Amino acid sequence: MAKPPILTPQAEDFPRWYQDVVAKAELADNGPARGTMIIRPYGYSLWERMQAEVDARIKLAGAENAYFPLFIPQSYLAREADHVEGFSPELAVVTHAGGKELEEPLVVRPTSETVIGEYMGKWVQSYRDLPLLLNQWANVVRWELRPRLFLRTTEFLWQEGHTAHATAEEGAAYTERILRDVYTDFMVEVLAIPVLGGRKTAAERFPGARNTLTVEAMTGDGKALQMGTSHDLGQNFATAFDITYLDDQGASQLCWTTSWGVTTRMVGGLVMVHGDDAGLVVPPRLASIQVVVLVVRDEGGAGDAADHLVAELQGAGVRVRLDGAVATSFGRRATDWELKGVPVRVEVGPRDLAEGNVTLVRRDTGEKVQATVGEVAARIPVLLEEVQASMLAAATASRDARTAQVTSIEDAVEAARTGFAKVPWEVVKGDGEQRLAQESVTVRCLQRPDGSLPHSEDEPDLVAYVARSY
RNA sequence: CGGGGAGUGGCGCAGUGGUAGCGCACCUGCUUUGGGAGCAGGAGGUCGGGGGUUCAAAUCCCCCCUCCCCGACCA
């Protein structure tokens, strides 16, 4: 008799499937206040791995971690006109504290350009203090109209980098460096997500920025998901917060600043890009549990053999978990690990063991192979890298197959029903963006014909990627 | 804020005036275990809140609140 599916099938209702995965893989729960999220241990372990990988790349790019306050005086936000206009509708404001009304309300940071700008202004005196490269890991709050676990929550976790530079060129170059060496490298190499890097149109730009760069992923249902952004803030915040320095001629100069961030949204992106009808699929380089050694039945020495394998794999540097909970049926446990997306499962049971074997199962393809007990520790690291590579290849092929090259707004709208449309920017430029918007389609980013980053949206022959988005 | 829908054990639902039920999950025991185990026995709910009608309200009436989905906003 056919059992009902564990999850709503993707093809039936993708958003529902997503919610099912988040719940059944024990990633997160809704918090008690609207739009808030409780990240459960397994979900948090994925976020911790993301933090570790991103943080290492940020440090390689020369930035140092610091921490700035959650509360920002409301007047700070108002100092940059576009910034305050962009963020005012979604601010949470503290008006009362300590049992009385505050003289000046405090906003719960939606992002920290203002408070960090204020202190950059104090710290930067000389050209010798530049560049000033800061990052912080923090929570921020944005009162969003429509929350979705991980993708858009009222409070979310992120890193926000903030830098100050002596010249416009240096600042712009740094935003590109972060996009390439930190975000793209992490997402492609670790998350196995083939992101498109590009420039946002003026309409999609960060409030207060003169340029916003983005990395965009394609989800399993063909929509776009903005996975990270890197902003060239020009001198807007330097002007508002008086971030100036004396150059080597003794003349006072305004700094050029940047900001850039990635968030817990990446966890949602991971689910939506790689997940299938059996649940999450986590790429090995990210996985907090890369291998689960599962005791089928504790007979014929299976329990002891599993213990030894776990120790051996740990010794080989593999993040491994033992599942010896034989009171629960094999099928249930196999299903649960598949829901959580653990890349490789090692099944240790008396039947195989009698011949000196165990079974290795790949989560991404479901492929099962036999291995001798003695060769497991040597084969697993190789297998993990194979899984990693094939996940990236599969996601890339899937994205490319759903990206259509078109030359009209109408065809772009049609293509965006199932994926991305690549359309000449001159076709969209002007009122095209509005016409697309009427169909809930947006320009995700602009690229040069060779895929590199444009320095202006007025460059000739630019390509616009358009899609529906989350 | 506009348009839809829903509030009943942890989750999913049934129940249109007469003692609050079902499936899954949970607890105990036994038998099981190579793809979501079976049987037996248990625990768990002031039916979103307030008011009203009635001998009697999850059910009818009034008011309020909340949540979900689609859109506008957005990492």
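Residues numbered from 1 in each chain as written. Chains lettered and ligands numbered in written order. Predicted model: local features only at pLDDT ≥ 70, side-chain atom pairs only at ≥ 80, totals over all residues. Heavy atoms only, no water.

1. Topic: the domain arrangement of chain A
Partitioning chain A into structural domains gives domain 1 (24–274), domain 2 (291–386) and domain 3 (408–467). One C-alpha centre belongs to domain 1, the other to domain 2; they are set 40 Å apart. Of the residues lining the interface, 5 residues belong to domain 1; the matching set on domain 2 comes to 4 residues. Between domain 1 and domain 2 the total buried area reaches about 430 Å² when both faces are included, carbon and sulfur atoms providing 54% of it. Across the contact surface, domain 1 and domain 2 share 1 salt bridge. One salt bridge connects glutamate 26 with lysine 340, and the closest N-O pair in it is separated by 2.9 Å. Counting every contact that joins domain 1 to domain 2 gives 2 residue pairs in polar contact (both at pLDDT 80 or more). (Domains from an automatic or database assignment. Contact = heavy atoms within 4.5 Å. Buried area = accessible area lost by both parts, 1.4 Å probe. Salt bridge = Lys/Arg side-chain N within 4 Å of Asp/Glu carboxyl O. Polar contact = N/O pair within 3.5 Å; in protein donor to acceptor, adjacent residues only side chain to side chain.)

2. Overview of the sheet that holds strand S5 (residues 92–97)
Overall, antiparallel pairing links the 3 strands, which are arranged S4-S6-S5 in an open sheet. Taken across any chain shown, the strands that pair with only one partner, and hence form the sheet edges, are strand S4 (71–73) and S5. Sheet twist, expressed as the mean angle between neighbouring strand axes with direction ignored, is 45°. Two elements, S4 and strand S6 (residues 100–108), share 3 bridges in a ladder whose sense is antiparallel. Among the inter-strand pairings, proline 73 is bridged to a residue of S6, identified as leucine 106. (Pairing = 2+ DSSP bridges. Helix = DSSP H or I, 4+ residues; strand = E, 2+ residues; numbered from the N terminus. Axes fitted to C-alpha atoms, helices over the stretch in contact; angles between N-to-C directions.)

3. Remarks on the pairing of strand S8 (residues 155–165)
Within S8, 9 of the 11 residues are buried, which leaves the element mostly enclosed by the surrounding structure. Where strand S7 (residues 132–141) meets S8, 10 bridges bridge the pair, whose relative direction is antiparallel. Bridge pairing in S8 places glutamine 136 opposite glutamate 160. Two elements, S8 and strand S14 (residues 256–263), share 8 bridges in a ladder whose sense is antiparallel. Bridge pairing links glutamine 159 to valine 262 in S14. (Buried < 20%, exposed > 50% of the residue type's maximum accessible area, 1.4 Å probe, protein only.)

4. A look at unusual backbone geometry
Omega for the peptide link from leucine 130 to proline 131 comes to -5°, which places this bond in the cis form. When you line up the elements, proline 131 lands in the loop between helix H5 (113–123) and S7. Of note in this structure, aspartate 242 is not a glycine but carries a positive phi near 55°. On the secondary structure map, aspartate 242 appears in the loop between helix H7 (236–241) and strand S12 (244–246). Unusually for a residue other than glycine, aspartate 461 sits at a positive phi of about 65°. As for its position among the elements, aspartate 461 is in the loop between strand S22 (442–447) and strand S23 (463–467).

5. Observations regarding the protein's contact with RNA strand B
Surrounding RNA strand B, one finds 38 residues, the nearest of these being Arg146, Arg152, Gln226, Ser329 and Glu338. Within 4 Å of the protein, the contacting atoms of RNA strand B are 47% sugar and phosphate, with bases supplying the remainder. Here a base nitrogen of RNA strand B sits 2.2 Å away from a polar atom, N or O, in the side chain of glutamate 338. Between RNA strand B and proline 350 there is a distance of 3.1 Å, counted from a base oxygen to a backbone nitrogen or oxygen. Those elements giving two or more residues to the surface near RNA strand B turn out to be helix H10 (330–340), strand S17 (344–348) and helix H11 (350–353). Sorting elements by how many residues they give to the surface near RNA strand B places H10 first, with 5 residues. Per-class residue counts for the surface near RNA strand B are 10 nonpolar, 11 polar and 17 charged. (Near = heavy atom within 4 Å. Nonpolar A, V, L, I, M, F, W, Y, C, P; charged D, E, K, R; others polar.)

6. So, the sheet that holds strand S19 (residues 368–372)
Judged by pairing direction, the sheet is mixed, and its 5 strands sit side by side in the order S16-S15-S17-S18-S19 without closing on themselves. Every other strand in the sheet has two partners, leaving strand S16 (320–323) and S19 as the edge strands with one partner each. In this sheet, adjacent strand axes meet at a mean angle of 25° when their direction is disregarded. The pairing of strand S15 (residues 291–295) with S17 spans 5 bridges and is classified as parallel. The residue of S17 that forms the bridge with valine 295 is valine 348. This element, helix H9 (residues 302–315), spans S15, S16, S17 and strand S18 (357–362) of the sheet and lies at about 165° to S15. H10 rests against S15, S16 and S17 of the sheet, and its axis sits at about 175° to S15.

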